[in-house]
Amino acid sequence: KIEIYCDKKKPHISPYWCAKGDILRVYDCKTYKQKGSIAVESFEDNIVTTTTAHEVNEEDFIINDSFRPEVLIENCVSYNMRGRAFIACGAKSMAIKNCEFYNTDGCALYITTAFNGWLEGAQVENVEFCNNYVVGCDMWYDENTSVISAKVRTQTIGFASGDNIPTLHSNLHIHDNVFEN
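Caption draft 1: Summary view of the pairing of strand β3 (residues 34-39). Bridge count between strand β2 (residues 23-27) and β3: five bridges; the pairing is antiparallel. The partner of V26 across the bridge, within β3, is G36. Taking the residues between adjacent antiparallel strands as the criterion, β2 and β3 are bridged by six residues, where Y32 takes a positive phi near 65°.

Structural data, given as structure tokens:
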């Protein structure tokens, strides 16, 4: 049995947070690396019952894989944005196709996770960024991220990005795009 708790303002977790058959991913609280996964047998009063062998420490993050979206952004136009055009957090898969990005202060796609800051998490996987037109997009602190910036929020207070963990996100495919600055 594993007791799940949330340190947000609400003292409890929704009774619908997970159900029998859901897969929970376990992440190390210091490295943010996935340690394993747990198959849920039952969930009641913040207690997950499982028959899956697991190593879960008190501070680890647990993400319900069932809530991770599959995202399609197609034929969109983004221009003169104060920040980035799109933010991806915790997507199982994401496709950005046939879009146009003009003059953002940030990158066209910002891939992040906020384990501590927003208590949202999981890496972004299986991203395809193709057949897009990107003009004048940039990133405030890095000259080489006009298309995609993959950062991880690691601080516990506030919402500014923290340390990079370059192997957290996976399967990022960028192809057949036009870039102009």
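Once you've had a look at it, read on.
Caption draft 2: Structural context of the sheet that holds strand β13 (residues 125-130). Pairing is parallel in the open sheet, where four strands are placed in the order β7-β10-β13-β16. Two strands bound the open sheet, and with one partner strand each, they are β7 (70-74) and β16 (170-175). Averaged over all pairs of adjacent strands, the angle between their axes in this sheet comes to 5°, without regard to strand direction. The pairing of β13 with β16 spans five bridges and is classified as parallel. Its bridge partner lying in β16, E125 is registered against S170.

Caption draft 3: Examining unusual backbone geometry more closely. With phi around 60°, N75 is a residue other than glycine that occupies positive phi space. Here N75 is to be found in the loop between β7 and β8 (77-79). Positive phi values are uncommon outside glycine, yet N98 reaches one of about 55°. Following the sequence through the fold, N98 ends up in the loop between β10 (93-97) and β11 (100-102).

Caption draft 4: Molecular detail of the pattern of salt bridges. The final tally for this structure, using the stated rule, is six salt bridges. The salt bridge partner of E125 is R25, with a shortest N-O separation of 3.2 Å. Within this pair, whereas E125 is found in strand β13, its partner R25 is found in strand β2, the two being separated by 100 residues in sequence. In this pair, the class of E125 matches that of R25, namely buried. For the salt bridge of D60 with K35, the shortest nitrogen-to-oxygen distance reads 2.6 Å. Pair noted here: D60 is in the loop between β5 (47-49) and β6 (61-64) and K35 is in strand β3, with a separation of 25 residues, a long-range link. With relative accessibility at 32%, the residue K35 sits in the partly exposed group.

Caption draft 5: A look at the sheet that holds strand β17 (residues 178-180). On the basis of which strands lie adjacent, the open sheet formed by four strands has the order β8-β11-β14-β17 and parallel pairing. Lying at the two open borders of the sheet, with one neighbouring strand each, are β8 and β17. Averaged over all pairs of adjacent strands, the angle between their axes in this sheet comes to 5°, without regard to strand direction. Strand direction decides the pairing type here: strand β14 (residues 133-135) and β17, joined by three bridges, are parallel.

Caption draft 6: The packing of aromatic side chains, seen in detail. In this structure the tally under the stated criterion is four aromatic pairs. With centroids separated by 5.8 Å and ring planes inclined at 55°, the aromatic side chains of W17 and F43 adopt a geometry described as tilted. Pair noted here: W17 is in the loop between β1 (2-3) and β2 and F43 is in strand β4 (residues 42-44), with a separation of 26 residues, a long-range link. An identical accessibility class is assigned to W17 and F43; each is buried. Ring geometry for F101 and F129: centres 5.7 Å apart, planes at 25°, overall stacked. On the criterion of sequence distance, the pair formed by F101 in strand β11 and F129 in strand β13 is long-range, its members being 28 residues apart. Ring pairs connect the aromatic residues F86, F101 and F129, which therefore count as one cluster.

Conventions used here
- Each chain carries its own residue numbering, running from 1 in the direction its sequence is written.
- Only residues with pLDDT of at least 70 are given local features in this predicted model, and only at 80 or more are side-chain atom pairs given and counted; all residues enter the totals for whole chains, interfaces and linings.
- Hydrogen atoms and water are omitted, and side-chain values are computed over all heavy atoms in the structure.
- Any two strands are treated as partners once DSSP identifies two or more bridges connecting them.
- Numbering of helices and strands starts at the N terminus; helices are DSSP runs of H or I of at least 4 residues and strands are runs of E of at least 2.
- As a rule, the C-alpha atoms of each element are fitted with a line to give its axis, helices using only the stretch in contact, and angles between N-to-C directions run from 0 to 180 degrees.
- What makes a salt bridge here is a side-chain nitrogen of Lys or Arg within 4 Å of a carboxyl oxygen of Asp or Glu, nothing more.
- To sort residues, take the accessible area from a 1.4 Å probe on protein chains only and compare it with the maximum for the residue type: under 20% means buried, over 50% means exposed, and anything in between is partly exposed.
- We call Phe, Tyr and Trp rings a pair once their centres come within 6.5 Å, taking the six-membered ring for Trp, and we label the pair stacked below 30 degrees between planes, edge-to-face above 60, and tilted otherwise.

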